[in-house]
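Close look at the chain arrangement
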Amino acid sequence: MVNHFNEAVQHFLAGRIWHREHIPFLTDLIDEQIKARFINVIQGVTTTKNFLNQSIYKCNRCENHAQFKFTTFHCAKCEGPCAYCRQCLKMGRVSSCTELLIWKGPPISFHKQHENHWQGKLTSLQKKASIELMESTNEKKSHLIYAVCGAGKTEILFDPIYELLQEGKRICVAAPRVDVILELEPRFKAAFPRTPIAALYGGATPKEEPAQLVLATTHQLYRFEGAFDAIFVDEADAFPYTADETLQQAVQKAAKPDAPIHFVTATPTGALIDRATRDQAISTIPRRFHGHPLPLPQYESLWRYIEQIHKGNLPRKLTEWIQKCIENKQPFLVFFHQIELMEKALPLIQQFEPRIEAVHAAHENRKEYVQALRNGEFKGLLTTTILERGITISNVQVAVVGAEQSIFTKSALIQIGGRVGRAKETPGGDFILFHHGITYAMDEAKREINQLNQTGGNL
Amino acid sequence: MKACLLCEAILPALPTWQALIGIDEQKIICESCSKSFERADSIDKTTDLSSVTSLYAYNEAMQSYLHQFKFLQDIALAAVFKKELQTILKHQKNIVPIPVHPEKRMTRTFGQVEALLDYAKIPYLNLLEKLDQTAMGEKTRQERLRTKPLFQLKPNIQIKHETYTLIDDIYTTGTTLNHAAKVLRKAGAKHVEAVTLIRA
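Residues numbered from 1 in each chain as written. Chains lettered and ligands numbered in written order. Predicted model: local features only at pLDDT ≥ 70, side-chain atom pairs only at ≥ 80, totals over all residues. Heavy atoms only, no water.

1. Examining the side chain of Glu-235 of chain A
Residue and element names in this part refer to chain A. What counts is decided by this rule: Strands here are runs of E lasting at least two residues and helices are runs of H or I lasting at least four, both read from the DSSP assignment and numbered beginning at the N terminus. Only protein chains enter the accessibility calculation, which uses a 1.4 Å probe; a residue is then buried when its area is under 20% of its type maximum, exposed when over 50%, and partly exposed in between. For this analysis, residues touch if any pair of their heavy atoms sits within 4.5 Å.
With respect to the element layout, Glu-235 can be found in the loop between strand S12 (230-234) and helix H6 (245-254). Of the residues examined, Glu-235 reaches a relative accessible area of 6% and is grouped as buried. Excluding its chain neighbours within four sequence positions, the residues that come into contact with Glu-235 are Pro-176, Val-180, Val-264, Thr-265, Arg-389, Gly-390 and Gln-415.

Encoded structure:
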């Protein structure tokens, strides 16, 4: 009987909940660690019966219990009816006969020697928010950082994270979108060169070395349990986090029982603001780091643009705006509500300027295209709401085609406007809403930006 | 609320008379996903098969479908081509699915061809046994053409002097289907045809 734990297994498994068939160790080793009770084995999907004697399933990895997301079938492996979860299917199927492994041995002790190489200077508002965030963390309270687009949200996190790292704590920065994680990774690696950092997202290869600071999409947190002493959720209102209850549960599950979960966003939901205000755990930054106001949206009517584009005519106002950007040598983004319409418009625009492309969620070259826009190779990009947040392109001009469409909510419009004027050298720029009628969301976005500018200007 | 099995978009629930009296065909994938599959409707002839009919082309949408179905083991996707399979197999008797090796079946937890037929409620005969367990996709074309017999008849099976229809998910070089057809013909089948979901 073995009674010492294997360090490599501990490093891989501690804080995680892992599919037995996907673990990168030999079966004998895992068996031995299970026998010595360093690893707990649980069933992938558990079944209970309700009062009508119907089966009710629950996935023990992602905690999904929406019954329509389970499929039952006759399983050749367990030779019986077996249910699997379709919610977290893409991370490797978990079914009734799947074994999930949880580390029960001693926890990893992380080292306390770290270095903070971030050279920048916080504005007084950032500094205040950073201190307040630290205070909430010490009191184990969840804190909300409500900061406008371009306020410098990531920098606010550096000091509190540095302090936690020096206490040997394990930390996670999570975001619903992979683009945000990809943008954060180099910044954190530069700031904390001595800290083991892992970036986890769909398609990234898992490392065996235990990361003290984990940057992860919220989906990846399905695979953690009681792992972190603090979690910072960036862009907390982004799709699909707010729409998907299991992602919110995943964040809860990944945190240790009393660990604080902080939220950082430019467009918090009403409920989030209310809760944070009640708990006196909110920091508001209504001003951008360079001190200039947020660009206000400008309404431009573009009547019957859908019919026009489908007929092969690019509306005159849109053509003129694009040509203006090209003449002034300003990179531009045009947001569309629908891929189909965007792809109809693309060849019409390419007729007078071929160096323009279109991107959407399923687009493989998304990262390269955004980079090509930054370095001037492309004149502009057409995009869906996928680029609404997380990206910074200096001196970019922005237009929305069909701002009245329901996909352009108040927060989507505020985020889109937040792409404009982020650099100190070019703090202004166009933020045009081409529309076929004005919606409440457009007016609310305008009102909120106005209000933030007023509050920010009076500070 | 129902979502598309492939892209998770919410399926619009339109009130129809058919739905009201319960004879409506329940949609399980959305319009744009079903449009992304490209019909091939190709018919080939080989030495051992009088015809091989394939329903779809092996385009990008089909590749990711097959990936999710077979490698992510999402057996629910067996229902996606239910109607198309029912239509093409309406008048066929003696339907024989190409089997997977028992070990492969254990790790995948189901046989994909049987699952396609089960979900379409098409009755079939399990006549064959897979011998070699390397997947065809892992071999080169030359290796495939000169491999040893891939199938044998299950014990105590009588083959009638009739037409048999083999079913497989994908038709690439035809080696798998030819091997299976040979076994059936040797045992006394009059003709052997094949229907596959995909023509690669």
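2. Section: the interface of chain A and chain B
The test is simple: Once two parts are brought into contact, the accessible area they lose, counted with a 1.4 Å probe and summed over both, makes up the buried area. For this analysis, a salt bridge means a side-chain nitrogen from Lys or Arg found within 4 Å of a carboxyl oxygen belonging to Asp or Glu. The term polar contact refers here to a pair of N or O atoms within 3.5 Å; inside protein, the definition further demands a hydrogen-donor-capable atom paired with an acceptor-capable atom, and it admits residues adjacent in sequence only when both atoms are side-chain atoms.
Contacts between the two partners involve 13 residues from chain A and, on the opposite side, 16 residues from chain B. When chain A packs against chain B, close to 1300 Å² is buried across both sides, 54% of that on carbon and sulfur atoms. Taken as a group, Ala-76, Arg-86 and Arg-93 of chain A account for 39% of the area that chain A buries against chain B, more than any other trio of residues on that side. Where chain A packs against chain B, one counts one salt bridge. Notably, a salt bridge pairs Asp-74 of chain B with Arg-86 of chain A, separated by 2.6 Å at the nearest N-O pair. Viewed at the interface, chain B and chain A are joined by eight residue pairs in polar contact (both at pLDDT 80 or more). Per element, the largest residue contribution to the side of chain A that touches chain B is five residues, and it comes from strand S5 (residues 70-75) of chain A.

3. Notes on the packing of helix H4 (residues 153-166) of chain A against helix H5 (residues 178-191) of chain A
A pair of packed helices is captured by two measures, namely the crossing angle of their axes and the spacing between those axes. Residues and elements named next belong to chain A. To be explicit about the condition: Comment: axis = line fitted to C-alpha atoms, over the contacting stretch for helices; angle = value between 0 and 180 degrees taken between N-to-C directions. In what follows, roughly perpendicular refers to angles from 65 to 115 degrees, roughly parallel to angles under 35, roughly antiparallel to angles over 145, and oblique to any angle outside these ranges. A clockwise turn of the near helix away from the far one marks a right-handed crossing, whereas an anticlockwise turn of less than a right angle marks a left-handed crossing. Classes in brief: Ala, Val, Leu, Ile, Met, Phe, Trp, Tyr, Cys and Pro nonpolar; Asp, Glu, Lys and Arg charged; the others, Gly included, polar.
Here H4 crosses H5 at 40 degrees, and the two axes come no closer than 12 Å. Of the possible angle classes, the one that applies to H4 and H5 is oblique. As for how H4 packs across H5, the hand of that crossing is right-handed. Along the contact surface, H4 presents Thr-154, Glu-155, Leu-157, Phe-158 and Ile-161, while H5 presents Leu-184, Arg-187, Phe-188 and Ala-191. Grouping the constituent residues of the contact of H4 with H5 by class yields six nonpolar, one polar and two charged.

4. Brief notes about empty space enclosed by the protein
All names here are of chain A. Selection rule: Using a grid of 1 Å spacing that covers the protein atoms alone, one calls a set of points a cavity when a 1.4 Å probe fits there but cannot get out, and a pocket when the set is open and has protein on both sides within 12 Å along at least five of seven lines; lining residues are those with an atom within 4 Å of a point. Grid points are joined across faces, edges and corners, and a volume is the space filled by probe spheres set on the points. All the domain ranges listed were derived from an automatic or database domain assignment.
The full count for this structure, using the stated rule, is three cavities of 30 Å³ or more. Of the pockets and cavities examined, the largest cavity occupies roughly 100 Å³. Of all the secondary structure elements, the ones that give two or more residues to the lining of the largest cavity are helix H1 (7-13) and strand S10 (197-200). Taken together, the residues that form the lining of the largest cavity break down as eight nonpolar, one polar and five charged. Formed jointly, the lining of the largest cavity draws a minimum of three residues from each of two domains, domain 1 (7-103) and domain 2 (124-285). The computed volume of the second largest cavity comes to approximately 80 Å³. The wall of the second largest cavity is formed by Tyr-146, Val-148, Cys-149, Ala-266, Leu-294, Pro-295, Ile-414, Gly-417, Gly-418, Ile-449 and Leu-452. At the level of secondary structure, the elements contributing two or more residues to the lining of the second largest cavity comprise helix H12 (410-417) and helix H13 (440-457). Split by residue class, the lining of the second largest cavity holds nine nonpolar, two polar and no charged. When we break the lining of the second largest cavity down by domain, the ones giving at least three residues each are domain 2 (124-285) and domain 3 (298-457).

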